Amino acid sequence: MDRVSALDRVEAVLDTVEAGPLPVPVREVWVYGDVALGLDPVDRLDVYVTKDLLLRGDTEAGEAFRAEHGVEGVGSAVSAEWAEGNPDLVRTNASGHAAPADCLAAALLPDDEPTHLEVCNAPFEQNVRRRLEIALDRGAYDHVIDPRGVCLYAEQQRSPETLAKLRGGELAFPTLPESLSMLGAADDDAAEAADAIAAARTSQSGRSVRGDVV
């Protein structure tokens, strides 16, 4: 994906978050990896979303949606308002229950572009450190998140200034192994984790999504 198209997609994500409704409330939007580094082209567009739980469910609307579409969890796991307006975007897990992360991916990103959506209830920086600590403890690095990220939306506001800097390639970051070392990984572990991140990204195609709960 060329850089201009990738950043246009990022702006479209921010527009969708601001406009609502969404499957679940979104607290933060980050981009990380290639697009944050100013690369062109961008091999994959990586987006991180911090989600909140629905504070007010709608049992009645959820039952009506289940009766019509056979999907559980609308009105509790995902917004009934969003599902009723976008029934074609509702995604479920293997048991037929609405899957918030997959619904967010369907709402925010097309399925035919090289994009990845990371969804968690924890902020980006907290989850980056947590994932790295778990990986170092277990010696398994395939779920480590590239820590070189840029926050574009938080506290119900987007950051036009940061997006402008992103478009201008004005943001500087260390290499991936250096970034991981700065978070506490030994040099050998940082290099191995960087290789695992690159291999995992290479194995993906089209849109991918990963949900996580802390």
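The structure this text deals with has already been given above.
Note that the structure is a prediction, hence the values are computed from the model and not measured. (Residues numbered from 1 in each chain as written. Predicted model: local features only at pLDDT ≥ 70, side-chain atom pairs only at ≥ 80, totals over all residues. Heavy atoms only, no water.)

Enquirer: Break down the sheet that holds strand β6 (residues 207-212) for me, with residues and values.
Expert: Pairing is mixed across the open sheet formed by 6 strands, whose spatial order is β5-β4-β1-β2-β3-β6. On the outer flanks of this sheet lie β5 (157-158) and β6, each paired with one strand and no other. Of the strand pairs in this sheet, strand β4 (residues 149-154) and β5 are connected by 2 bridges, and their pairing is antiparallel. In the strand pairing of β5, Tyr-153 is matched with Arg-158. Contacting β1 (26-32), β4 and β5, helix α7 (residues 160-167) crosses the sheet at an angle of about 150 degrees to β4. (Pairing = 2+ DSSP bridges. Helix = DSSP H or I, 4+ residues; strand = E, 2+ residues; numbered from the N terminus. Contact = heavy atoms within 4.5 Å. Axes fitted to C-alpha atoms, helices over the stretch in contact; angles between N-to-C directions.)

Enquirer: How would you sum up the packing of helix α1 (residues 3-19) against α7? Please name residues and give values.
Expert: Each pair of packed helices can be described by the angle between their axes along with the distance between the axes. Put simply, α1 and α7 touch, their axes get as near as 11 Å, and they point 165 degrees apart. The angle between α1 and α7 falls in the class roughly antiparallel. Handedness of the α1/α7 crossing: right-handed. Of the residues in α7, those touching α1 at Arg-3, Val-4, Leu-7, Asp-8, Val-10, Glu-11 and Leu-14 are Leu-163, Leu-166 and Arg-167. Split by residue class, the contact of α1 with α7 holds 6 nonpolar, no polar and 4 charged. (Parallel < 35°, antiparallel > 145°, perpendicular 65-115°, else oblique. Left-handed = near helix turned anticlockwise from the far one by under 90°. Nonpolar A, V, L, I, M, F, W, Y, C, P; charged D, E, K, R; others polar.)

Enquirer: Break down the packing of aromatic side chains for me, with residues and values.
Expert: Counted according to the given criterion, the structure contains 3 aromatic pairs. Taking 5.7 Å as the distance between ring centres and 45 degrees as the angle between the ring planes, the aromatic pair formed by Tyr-32 and Phe-124 counts as tilted. One end of the pair, Tyr-32, is in strand β1; the other, Phe-124, is in helix α6 (residues 124-138), with 92 residues separating them in the sequence. On the basis of relative accessibility, which here comes to 4%, the residue Tyr-32 falls in the buried class. A ring pair is formed by Tyr-48 and Phe-124, whose centres lie 5.2 Å apart and whose planes are at 85 degrees; its orientation type is edge-to-face. Of this pair, Tyr-48 sits in strand β2 (residues 45-51) while Phe-124 is found in helix α6, placing the two residues 76 residues apart along the sequence. Exposure class is identical for Tyr-48 and Phe-124. Each is buried. (Phe/Tyr/Trp six-rings, centres within 6.5 Å; stacked < 30°, edge-to-face > 60°. Buried < 20%, exposed > 50% of the residue type's maximum accessible area, 1.4 Å probe, protein only.)

Enquirer: Lay out α6 in plain terms, naming residues and giving numbers.
Expert: End to end, α6 covers 21 Å across 15 residues, agreeing with the expected 21 Å (1.5 Å per residue, within 8%). Looking only at α6, the buried set comprises Phe-124, Asn-127, Val-128, Arg-131, Leu-132 and Ala-135. Across the axial projection of α6, the buried residues extend over an arc of 130 degrees, all falling on one side. Residues of α6 that are exposed and angled more than 90 degrees away from the buried face: Glu-125, Glu-133 and Asp-137. (Expected span 1.5 Å × (residues − 1). Arc of directions from axis to C-beta.)

Enquirer: Any chance you could break down the nonpolar core for me, citing the residues and the numbers?
Expert: In a soluble, globular protein the nonpolar side chains are often hidden away together inside. One finds Val-29, Leu-108 and Leu-117 to be the most contacted residues of the largest nonpolar core, which totals 29 residues. Residues in contact with Val-29, not counting those within four places in the same chain, are Val-13, Leu-14, Val-17, Val-47, Tyr-48, Val-49, Val-150, Cys-151, Leu-152 and Tyr-153. (Core = buried A, V, L, I, M, F, W, Y, C linked by side-chain atoms within 4.5 Å.)

Enquirer: Kindly report on the pattern of salt bridges, identifying the contributing residues and their values.
Expert: Per the stated rule, a full pass over the model turns up 15 salt bridges. Linking Arg-201 and Asp-46 is a salt bridge whose minimum nitrogen-to-oxygen distance equals 3.0 Å. Taken together, the residues Arg-201 in helix α9 (residues 187-202) and Asp-46 in strand β2 connect sequence positions 155 residues apart. Between Arg-148 and Asp-146 there is a salt bridge whose closest N-O contact spans 2.8 Å. Exposure remark for Arg-148: the relative accessible area of 9% places this residue in the buried category. Connected via shared salt-bridge partners are Asp-8, Glu-11, Asp-15, Glu-18, Arg-158 and Arg-167. (Salt bridge = Lys/Arg side-chain N within 4 Å of Asp/Glu carboxyl O.)

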